[in-house]
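Fold and geometry: a report
Take a look at the letters that make up each chain.
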Amino acid sequence: MVSGSLSRRGVLIGVSVTLLGAMARAEPVRDLAWRDLLPEGDMSPPGEIRSLLPHDEGAMAARQPPSSGVRYDWNGQIVRMSGYVVPLEYRGTGITEFILVPYVGACIHVPPPPANQLVFVTTETPYDVSGLFDPVTVTGVFGTASRTTQLAEIGYVLAGAEIRRFG
């Protein structure tokens, strides 16, 4: 079960309204890379490198580094991002909520990246996963939203997502 600083219903209603507005404007889809989520001037190591840093298995969430802030550039826009799935909520055999992470092992086997490198993804259509850390590309309405789970603090949300296997 996921606990959050905002109610799940409130977040979903707010994002759904944004989704309808964005779709009505027929905005183009923006492709985002993980580095795009960092504030300008942030020189933190990219997720691909951070996953190679030394780690152990104890208290991963407690070792999450602080975030240097989030960017608001893409709030309310339709974006596409690729990453790996850390499932949170299931409906039948598919997931309806998950954390999109930049590298395999994030939040489970290595400490989570900062909140500005994690995206909380929601979808009405359950996505069948073949296992933990499935590589995916997600498309949906993007925004900043502080979210807390057992695994990590999350800085962004992507709602109404279309999810496709990557690779």
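Read on for a plain summary of the structure. (Residues numbered from 1 in each chain as written. Predicted model: local features only at pLDDT ≥ 70, side-chain atom pairs only at ≥ 80, totals over all residues. Heavy atoms only, no water.)

1. Re the overall build of the chain
A tally of helices and strands in the chain yields 2 helices and 6 strands. Along the chain, helices (α) and strands (β) appear in the sequence α-β-α-β-β-β-β-β when read from the amino end. Expressed as a percentage of its 167 residues, the buried residues of the chain come to 47%. Considering only contacts in the chain between residues 6 or more positions apart, those separated by 24 or more positions represent 74%. Surface summary for the chain: the accessible area is close to 8,300 Å², and the carbon and sulfur share equals 58%. (Helix = DSSP H or I, 4+ residues; strand = E, 2+ residues; numbered from the N terminus. Buried < 20%, exposed > 50% of the residue type's maximum accessible area, 1.4 Å probe, protein only. Contact = heavy atoms within 4.5 Å. Areas by Shrake-Rupley, 256 points an atom, 1.4 Å probe, with all protein chains shown as cover.)

2. Description of the nonpolar core
By size, the foremost hydrophobic cluster in this structure holds 21 residues, and its most contacted members are Phe98, Leu100, Val119, Val138 and Phe142. Secondary-structure elements contributing two or more residues to this core are β2 (78-91), β3 (94-101), β4 (119-128), β5 (135-148) and β6 (153-165). Take this core: its biggest share by element is 4 residues, from β6. With residues up to four places along the chain from it excluded, the contact list for valine 138 reads Val79, Arg80, Met81, Phe98, Leu100, Val121, Leu158, Ala161, Glu162 and Ile163. Leu88, Ala106, Phe133 and Ala152 belong to the second-largest nonpolar core, a separate cluster that totals 15 residues. (Core = buried A, V, L, I, M, F, W, Y, C linked by side-chain atoms within 4.5 Å.)

3. Overview of the pairing of β2
Relative to β2, strand β1 (residues 30-31) runs parallel, the two sharing 2 bridges. Across the sheet, residue aspartate 31 finds its bridge partner in β2, namely arginine 80. Across 7 bridges, β2 lies against β5 in antiparallel orientation. When the sheet's bridge partners are listed, isoleucine 78 is paired in β5 with valine 141. Direction of pairing for β2 relative to β3: antiparallel, over a ladder of 7 bridges. When the sheet's bridge partners are listed, glutamate 89 is paired in β3 with glutamate 97. The turn linking β2 back onto β3 is made up of 2 residues, and glycine 92 within it adopts a positive phi angle of 65 degrees. (Pairing = 2+ DSSP bridges.)

4. Structural notes on the pattern of salt bridges
Inspection of every chain in the model, using the stated rule, returns 6 salt bridges. A salt bridge links aspartate 31 to arginine 80, with the shortest nitrogen-to-oxygen separation between them at 2.5 Å. Within this pair, whereas aspartate 31 is found in strand β1, its partner arginine 80 is found in strand β2, the two being separated by 49 residues in sequence. Using a relative accessible area of 53% as the deciding quantity, one classes aspartate 31 as exposed. A salt bridge links arginine 164 to glutamate 162; its shortest N-O distance comes to 2.6 Å. On the accessibility criterion, arginine 164 (52% relative accessible area) is exposed. (Salt bridge = Lys/Arg side-chain N within 4 Å of Asp/Glu carboxyl O.)

5. Focus: unusual backbone geometry
Positive phi values are uncommon outside glycine, yet cysteine 107 reaches one of about 80 degrees. Along the chain, cysteine 107 turns up in the loop between β3 and β4. The exposure class of cysteine 107 is buried, given its relative accessible area of 3%. With phi around 70 degrees, phenylalanine 133 is a residue other than glycine that occupies positive phi space.

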